[in-house]
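Single-letter residue listing:
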Amino acid sequence: MSDSRLGEEVIALHPAESGMQLGRALLHALHNAGISVLYQDREMKTVWARNMRAPWATDTADSNGILPPAQAERIGAAKRGVIASGKPERLELGVPGEDGVRWFQVWIDADHGEGGEVQGIVTTMVETTEQRRREQTLKTLLREVSHRSKNLLAIIQSIATQTGRYSGASGDFLPRFRGRLQSLASSQDLVTSSNWRGAALHELVSGQVGRYAADPERSLRLEGENPYLNPNAALHIGLAMHELAVNSVSYGALSRPDGRVELTARLTTDAGGEPALSLTWCEAIGARDVSSSEKRFGSVALERVVPASLNGTATLEIIGDRLEYRLVIPKGNFATD
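Right, let's walk through the structure included here. Keep in mind that this is a model prediction, so the values were computed, not measured. (Residues numbered from 1 in each chain as written. Predicted model: local features only at pLDDT ≥ 70, side-chain atom pairs only at ≥ 80, totals over all residues. Heavy atoms only, no water.)

## Things to note about the sheet that holds strand S12 (residues 322–330)
Next up, step 1: One open sheet holds the five strands; their spatial order is S7-S9-S10-S12-S11, and the pairing between them is mixed. Looking at which strands have only one partner, the edges of the open sheet turn out to be strand S7 (220–224) and strand S11 (313–319). Taken over all neighbouring pairs, the strand axes of this sheet differ in orientation by 15 degrees on average, direction set aside.
Next up, step 2: Summarising the sheet, strand S9 (residues 261–269) and strand S10 (residues 275–284) pair through eight bridges and their orientation is antiparallel. Its bridge partner being in S10, Thr 269 is matched across the sheet by Pro 275.
Next up, step 3: Of the strands in this sheet, S7, S9 and S10 touch helix H6 (residues 201–210), which is tilted by about 165 degrees from S7.
Next up, step 4: On the sheet, helix H8 (residues 231–251) packs against S9, S10 and S12 and is oriented at approximately 15 degrees with respect to S10. (Pairing = 2+ DSSP bridges. Helix = DSSP H or I, 4+ residues; strand = E, 2+ residues; numbered from the N terminus. Axes fitted to C-alpha atoms, helices over the stretch in contact; angles between N-to-C directions. Contact = heavy atoms within 4.5 Å.)

## Examining the layout of surface pockets
Next up, step 1: Considering only enclosed or pocket space, the second largest pocket measures out at about 180 Å³ in volume.
Next up, step 2: Elements with a minimum of two residues in the lining of the second largest pocket: helix H2 (15–33) and strand S2 (46–50).
Next up, step 3: A total of four residues in the lining of the second largest pocket trace back to one element, the largest contributor, which is H2.
Next up, step 4: When grouped by side-chain class, the residues that make up the lining of the second largest pocket number five nonpolar, one polar and one charged. (1 Å grid on protein atoms, 1.4 Å probe; cavity = no way out; pocket = protein on both sides within 12 Å on 5 of 7 lines; lining within 4 Å. Points joined across faces, edges and corners; volume = space filled by probe spheres on them. Nonpolar A, V, L, I, M, F, W, Y, C, P; charged D, E, K, R; others polar.)

## Notes on helix H3 (residues 69–85)
Next up, step 1: Between its first and last C-alpha, H3 extends 24 Å over 17 residues, near the 24 Å set by a 1.5 Å rise per residue.
Next up, step 2: For H3, the full list of buried residues reads Gln 71, Ala 72, Ile 75, Gly 76, Ala 78, Lys 79, Val 82 and Ile 83. For H3, the buried positions fall inside an angular range of 160 degrees around the axis, keeping them on one side. Seen from the open side of H3, the exposed residues pointing more than 90 degrees away from its buried face are Pro 69, Ala 70 and Ala 84.
Next up, step 3: For H3, the secondary structure elements touched by its buried residues are strand S1 (35–41), strand S3 (89–97), strand S4 (100–112) and strand S5 (118–127).
Next up, step 4: The first or second residue beyond H3 is Gly 86, which carries a positive phi of 80 degrees. (Expected span 1.5 Å × (residues − 1). Buried < 20%, exposed > 50% of the residue type's maximum accessible area, 1.4 Å probe, protein only. Arc of directions from axis to C-beta.)

Here you go:
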């Protein structure tokens, strides 16, 4: 006797046992999948229900659970329509809850008798709240990616334009532009690794200055606060640090083996008395005349582009053999918690 034939005989000999096993298996499947099933007759009286949970659970036999009145009427109308037409219906319901709206897919199917008449309805309810939340999160992330991509392209366009404008010779453009793009990419890496929350100031500065300092631990001194910068602030402050580092390598502290630059971060108030962050870069410069009235993109970015992009203020002063750059940005650009 074949295995298949043996199986058929077992089912035939023990139909009750097989039905009980199948029932238990289906109940486990319903429970594990979070599916609720309700069977009602033509008068919409409950005949049986399995795995009923809130908001479908109820103490009465003929209601639609503990749904809000509008939702209960909507599903009741759909059930009456299935009983009248015999055609299935599908609904999506949003039910207010303590943790926000819970979403459900609801299928209503007619149970046809041997003669084709509708003798009852089967309602299947599946919660899709987490799926809806994931979809909403994905849509939000895609909008954020689009927004940040446009901002990044605008920054790149501005860098290209200003670099071209302040490049003295055609051969200067490409290396300067590449350096600024690398600075932007470095800051963007920090922002991306934080899921677009931003970047810590000390990590941002260390990354930008470290690309040009032979021994960053010795030649860079960070003091004061270490706030978390939002993405826009991280990109623009990263650009400012890049310009200061390149300037320092050319004729400042980083051009000397024993040179050192200092960056101090202090919580302060802006001109309107609102909370702000003050960043001060100090270093000793060399003998080269850097006080020339000729503006390069570096100084334009430090004094105009960066502060304007952050709704802040900036000053760049060279007094004797000392350079000091001070940037003050309002609270909306950073967090200290």
